[in-house]
Amino acid sequence: MAKPLRILFLMEDLCFGGTQRQTLELARRLDRSRFSPIMLTLTGPTDLDAVALEAQVELHHLGGTRAVPRLFFVQLPSALRRLQPDIIVPCTALPNIWGRIWGRVLRAFTGGHRPYIVGTCRGGGGPVRQHEYLLWRLADHIICNSEALYSVLGKFGVPSGRLRYIPNGVDTQFFKPASPPSLRAPLLLCVARLAQDKDHMTLLEAFSLVLRRHPEALLRIVGDGPEEAKLRKWAAQHEAGSRVEFIPGGLDMREHYAAARVFTLASLREGQPNVILEAMACGLPVCATAVGGIPRLVTSGSSGLLSASGDVAAFAENCCRLLDDGGLCDAMGSYGRALVAKQFSFSAMVHAHEGVFESVCALVPDT
């Protein structure tokens, strides 16, 4: 019987975040008779290490702290040689750049075909940050999580035979509706990393307009990231800030979904946000921007309301429309829940990845 393929997921970190969560769910659900998952992070231990270890995923670190070591790219080659992966799956920008480069070098020095490289592209800014116009050639295959990214990568020259769109999955048994949204307090919820791409500033400015019509409304922002100080400063300087809650990211967001009436996301760029899938699975209507893969998830007028990125007035109006109409909230929440259960299961996501891994290894037999 053939040994399981060693699949190495190269991560920048295992902090709370959509890519990290999705990759962990994939790793722990792989068929262990065919695949042996390994995780290597550029940092030291972070938030989700315990989850990986509990799922019996082999876990290694290049660094010793939450920061990426300055010379991580010098340490990476020896780690890859030691771990001997059959396939490297780099996730996010730095791993996709250096994992591909050193993976190709390692393959050349061993004189074989392994490790194969299955690149990933997630998030609207991924193609540029990862220099895909140059580096796609170093990947044997690339997986993206939105149709919008699939189109962008095609324009960069990636052949369709080396590119696959696999939507994110969500556990609809874990994330499920609580009480109808219309029965809850007027709480707007945003769960997202506090980063520039998520454009929390537009959300805050829109919320200040919402308060003119709904002075009882609250905004809860859940997440961590480099924009936190800037956002807290805005809240401290504006009257609307007294109605804003900042809560650190965590492992289980269900209590926040269960408390909210509307889920919000004002991103400038996106792939296919896990948090929108989770919110829809929990029966929440969504107020978001029509960027990246979001329109693939949220049908405006059916499961939520969409506006152009950066349009503060339109975003605020959509939030108010949902706060005004409890029946609309409930109907959109029910529609979104049914859509997610039908089209975005974890089993389909995992099965699709397994197919890519096996097909890549079958392309060129080892000599």
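Just above, that's the structure.
Overview of the structure. Everything numeric in this text was worked out from a predicted model, so none of it was measured. (Residues numbered from 1 in each chain as written. Predicted model: local features only at pLDDT ≥ 70, side-chain atom pairs only at ≥ 80, totals over all residues. Heavy atoms only, no water.)

1. Here we look at the sheet that holds strand β3 (residues 58-61)
With parallel pairing, the 7 strands of this open sheet are ordered in space as β3-β2-β1-β4-β5-β6-β7. A strand with exactly one partner marks an edge of an open sheet, and here the two such strands are β3 and β7 (163-165). Neighbouring strand axes in the sheet, compared pairwise and without regard to direction, differ in orientation by 20 degrees on average. In this structure, strand β4 (residues 87-90) lies alongside strand β5 (residues 116-121), joined through 2 bridges in parallel fashion. (Pairing = 2+ DSSP bridges. Helix = DSSP H or I, 4+ residues; strand = E, 2+ residues; numbered from the N terminus. Axes fitted to C-alpha atoms, helices over the stretch in contact; angles between N-to-C directions.)

2. Quick word on unusual backbone geometry
Excluding glycine, residues mostly carry a negative phi; peptide bonds, for their part, are mostly trans. Backbone geometry places H131, a non-glycine residue, at a positive phi of 55 degrees. For H131, the location among the structural elements is in the loop between α5 (126-129) and α6 (132-135). Overall, H131 belongs to the partly exposed group, its relative accessible area being 33%. Despite not being glycine, D199 shows a phi value in the positive range, around 50 degrees. Looking at the element boundaries, D199 is found in the loop between β8 (187-191) and α8 (200-213). (Buried < 20%, exposed > 50% of the residue type's maximum accessible area, 1.4 Å probe, protein only.)

3. Considerations on the nonpolar core
With 63 residues, the main nonpolar core has F207, Y257, F263, L265 and I276 as its most contacted residues. Listed in part, the 31 residues of the second largest apolar core include F9, V57, C91 and F357. (Core = buried A, V, L, I, M, F, W, Y, C linked by side-chain atoms within 4.5 Å.)

4. Describing the pattern of salt bridges
Per the stated rule, a full pass over the model turns up 22 salt bridges. The partner of R129 in a salt bridge is D197, and the shortest N-O contact between them spans 3.0 Å. Linking R129 in helix α5 with D197 in the loop between β8 and α8, this pair joins segments that are 68 residues apart in sequence. With a relative accessible area of 42%, R129 lands in the partly exposed category. The buried category is assigned to D197, whose relative accessible area is 16%. The closest approach of N and O atoms between R296 and E147, which form a salt bridge, is 3.3 Å. Taken together, the residues span a long stretch of sequence, with R296 in helix α12 (residues 294-297) and E147 in helix α7 (residues 147-155) at a distance of 149 residues. (Salt bridge = Lys/Arg side-chain N within 4 Å of Asp/Glu carboxyl O.)

5. Some words on the environment of G18
Within the secondary structure, G18 is located in helix α1 (residues 18-29). Assessed through its relative accessible area of 33%, G18 is described here as partly exposed. The sequence separation of G18 and A192 amounts to 174 residues, and the corresponding C-alpha distance is 8.3 Å. Those residues within four positions of G18 in sequence are excluded, and the remaining contacts are R122 and N274. (Contact = heavy atoms within 4.5 Å.)

6. A look at the sheet that holds β8
Paired through backbone hydrogen bonds, the strands of a sheet run either parallel or antiparallel to each other. Strands sit in the order β10-β9-β8-β11-β12-β13 across an open sheet of 6 strands; the sheet is parallel. Every interior strand has two partners, whereas the edge strands, β10 (244-247) and β13 (304-307), have only one. Neighbour-to-neighbour, the strand axes of this sheet turn through a mean angle of 20 degrees, independent of strand direction. One ladder, built from 3 bridges, connects strand β11 (residues 262-265) with strand β12 (residues 286-289); its direction is parallel.

7. Topic: helix α3 (residues 72-83)
Given 3.6 residues per turn, any residue in an α-helix points the same way as the ones three and four places further on. The first and last C-alpha atoms of α3 sit 16 Å apart over 12 residues, in line with the 16 Å expected at 1.5 Å per residue. If you check which residues of α3 are buried, you get F72, L76, P77, A79, L80 and L83. (Expected span 1.5 Å × (residues − 1).)

8. Digging into the packing of aromatic side chains
One pass over the full model with this rule turns up 8 aromatic pairs. Here Y133 and F156 contribute two aromatic rings whose centre-to-centre distance is 6.5 Å and whose plane-to-plane angle is 90 degrees, an arrangement assigned as edge-to-face. In this pair, Y133 sits in helix α6 while F156 sits in the loop between α7 and β7, placing the two residues 23 residues apart along the sequence. Considering the side-chain rings of F174 and F175, the 4.9 Å spacing of their centres and the 80 degrees angle between planes classify their relative orientation as edge-to-face. Linked through ring pairs, F174, F175, Y257 and F263 together constitute an aromatic cluster. In this structure, R254 is placed above the aromatic ring of F174, and the distance from its NZ or CZ to the ring centre is 3.7 Å. (Phe/Tyr/Trp six-rings, centres within 6.5 Å; stacked < 30°, edge-to-face > 60°. Lys NZ or Arg CZ within 6 Å of the ring centre and 35° of its normal.)

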